[in-house]
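Now for the letters of each chain:
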Amino acid sequence: MAEIVIRNTNERISGDENVRDFLNKQNVLYEKWNASKLPAELQDNFQLTDDQKNQILSVYDEEIRDLAARRGYQIWDVITLSDATPNLDELLNKFEEVHTHTEDEIRAIVSGKGIFVIKGSDDLGYFDVELEAGDVISVPENTNHFFTLMDNRKIIAVRLFIEKNGWVAYPVEDPSFQKA
């Protein structure tokens, strides 16, 4: 179950309906997938082979195709990050810079945990969305945000893209952003 922390006030929002309502007001899509569909041997395997990634895509094929039909996604893949990932800290440094995209950034978390840090309305500022298996989130295009791992430093996520060149970030200098 996702939880939200509003950075300016440290207010915490929990419960699927409360999270969904809050994110809807910020134009952020939030849905749930059935995390228990993932076979047990893949649930805590953060060093996936290409065949295992394809297996994950097969398990969630119906959900992926539903999202693609509703939102225009053309391609999708699986990303896994953990301490076993080569150059993990370098990748996280790249991810942990405030940026935007010309398309929405959607992630379906199928194992592990992660955080999207998103800029909300001017009166709200930045908020963290703490995600775990089953959570699906889409940050709108041209919205300041970044993604990072939680303390366990392990995640498997399905990524979907409209543009066939995949993940392209445009860095943003935002003086209102302060790292936690």
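Under an unreviewed UniProt entry, the name given to the chain is Acireductone dioxygenase, and the organism recorded is Paenibacillus chibensis. Under Pathway (unreviewed entry), UniProt gives the following word-for-word description of the chain: "Amino-acid biosynthesis; L-methionine biosynthesis via salvage pathway; L-methionine from S-methyl-5-thio-alpha-D-ribose 1-phosphate: step 5/6." Note on the chain: under the UniProt heading Subunit (unreviewed entry), the record states "Monomer."

S.K.: Mind laying out the layout of surface pockets, listing which residues take part and the relevant values?
M.R.: Looking at the largest pocket, its volume works out to about 160 Å³. In terms of lining, the largest pocket is formed by 11 residues, of which the most central are Asn8, Gly125, Tyr126, Ser176 and Phe177. Partitioning the lining of the largest pocket into residue classes produces three nonpolar, four polar and four charged.

S.K.: Help me get a handle on the packing of aromatic side chains, residues and values and all.
M.R.: Summed over all chains, the structure comprises five aromatic pairs. Relative to Tyr60, the ring of Trp33 has its centre 5.1 Å away and its plane inclined at 20°; by these criteria the two rings are stacked. On the criterion of sequence distance, the pair formed by Trp33 in the loop between β3 (29-32) and α2 (40-43) and Tyr60 in the loop between α3 (50-59) and α4 (61-71) is long-range, its members being 27 residues apart. Of the two residues, Trp33 and Tyr60, both sit in the buried class. Relative to Phe177, the ring of Tyr126 has its centre 4.9 Å away and its plane inclined at 65°; by these criteria the two rings are edge-to-face. Here the residue Tyr126 occupies a position in strand β7 (residues 126-132), and Phe177 occupies one in the segment after β11 (170-171), the gap between them amounting to 51 residues.

Reading guide: rules and limits
Residues numbered from 1 in each chain as written. Predicted model: local features only at pLDDT ≥ 70, side-chain atom pairs only at ≥ 80, totals over all residues. Heavy atoms only, no water. UniProt positions renumbered as here; feature names shortened; annotations may be inferred. 1 Å grid on protein atoms, 1.4 Å probe; cavity = no way out; pocket = protein on both sides within 12 Å on 5 of 7 lines; lining within 4 Å. Points joined across faces, edges and corners; volume = space filled by probe spheres on them. Nonpolar A, V, L, I, M, F, W, Y, C, P; charged D, E, K, R; others polar. Phe/Tyr/Trp six-rings, centres within 6.5 Å; stacked < 30°, edge-to-face > 60°. Helix = DSSP H or I, 4+ residues; strand = E, 2+ residues; numbered from the N terminus. Buried < 20%, exposed > 50% of the residue type's maximum accessible area, 1.4 Å probe, protein only.

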